Amino acid sequence: MDMDQLKRQAAARALEEVRDGMQLGLGTGSTAKHFVELLGERVAAGLKVIGVPTSEATRADAERCGVPLTTLDAIDHLDITVDGADEIDPELNLIKGGGGALLREKIVAAASDRMIVIADDTKWVPTLGRFPLPIEVIPFGLGATSRAIEKAFAECGVSGQMAVRKAKDGHVFVTDGGHWIVDARLERIVDPASLARALSAIPGVVEHGLFIGLASSAVLAGGEGIRVIERRKPKGD
Ligand SMILES: O=C(CO)[C@H](O)[C@H](O)COP(=O)(O)O
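Per an unreviewed UniProt entry, the protein goes by the name Ribose-5-phosphate isomerase A and belongs to Bradyrhizobium rifense. According to the UniProt record, the Sequence similarities (unreviewed entry) comment for the protein is "Belongs to the ribose 5-phosphate isomerase family." According to its UniProt record, the protein has this under Subunit (unreviewed entry): "Homodimer."

Structure representation (structure tokens):
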């Protein structure tokens, strides 16, 4: 089975959790796109749900698939967010932002009662960090912000090269919020919660791709079948 089929299987398993009347966060990326497509099929068959997209790309996908949309200003909470991830550790801490949507993804996940992460099982790692950590920054004062990020890395026992993300056309990648992303090659993040706190305290950092205590469960699809891992601690811990 190829990777794309595994991603679709994980998305299909998460869809089993969706009930009539639910308000859903819709993630971004190739795995989340499968979820939106499958959700669209259920909506066409009569399921009543409403979604909040985590990116302009997902908004376009949801509209194409006939999934009704709303905003976090119009509703007071979300029941479930279903989203992909770049890495998932055994505590269900995540690295996200490979697709550049980490800011809206984190706002939406934090507004949800539950976050279900869907992925092929290559995303499961013993320790986060092999995937470059995306850090969303304000372009103004990037030199100062980068130095503050390096200081935070040193305090948290990590180091690695940083690079401003480029789009396929060679220009700087600009997020839906109009910011830039710095990708940091850290290899091994020994204490992701401390690093998350240190990065959040830097003024020029808008958000970072460490999702700590947000995922409620992970649905991992692999050659051996589907594995569902539930988070042991309550959301936010
Ligand atoms: O965080 C993300 C986008 O910002 C994605 O969820 C993450 O990059 C995984 O993407 P894919 O499902 O394509 O592997």
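There's more to say after this.
A. Seen up close, the pairing of strand 1 (residues 23-26). Burial of strand 1 is two-sided: the residues Gln-23 and Gly-25 facing one way and the residues Leu-24 and Leu-26 facing the other way are all buried. Handedness of the crossover is the feature at issue here: the chain leaves strand 1, passes through helix 2 (residues 30-44), returns alongside strand 2 (residues 50-53), and the resulting connection is right-handed. Two strands pair when backbone bridges link them, and strand 1 and strand 3 (residues 78-83) are joined in this way by three bridges, in the parallel orientation. Its bridge partner being in strand 3, Leu-26 is matched across the sheet by Val-82.

B. Inspection of the UniProt feature "active site" (unreviewed entry) in the protein at higher detail. In the numbering adopted here, UniProt assigns the feature "active site" (unreviewed entry) to Glu-105. Once residues lying within four places of it in the same chain are set aside, the contact partners of Glu-105 are Thr-28, Thr-54, Asp-83, Lys-96, Gly-97 and Phe-211.

C. Summary view of the sheet that holds strand 8 (residues 162-164). Read from one edge of the open sheet, four strands run 8-9-7-10, paired in antiparallel fashion. Pairing within the sheet leaves two strands with one partner each, and these edge strands are strand 8 and strand 10 (205-208). Ignoring strand direction, the axes of neighbouring strands in this sheet form an average angle of 25°. Those strands touched by helix 4 (residues 102-110) are strand 7 (133-137), strand 9 (180-184) and strand 10, and its axis lies near 65° from that of strand 10.

Criteria and cut-off values
- Residues numbered from 1 in each chain as written.
- Predicted model: local features only at pLDDT ≥ 70, side-chain atom pairs only at ≥ 80, totals over all residues.
- Heavy atoms only, no water.
- UniProt positions renumbered as here; feature names shortened; annotations may be inferred.
- Buried < 20%, exposed > 50% of the residue type's maximum accessible area, 1.4 Å probe, protein only.
- Helix = DSSP H or I, 4+ residues; strand = E, 2+ residues; numbered from the N terminus.
- Right-handed = clockwise from strand over helix to strand, strands pointing away.
- Pairing = 2+ DSSP bridges.
- Contact = heavy atoms within 4.5 Å.
- Axes fitted to C-alpha atoms, helices over the stretch in contact; angles between N-to-C directions.

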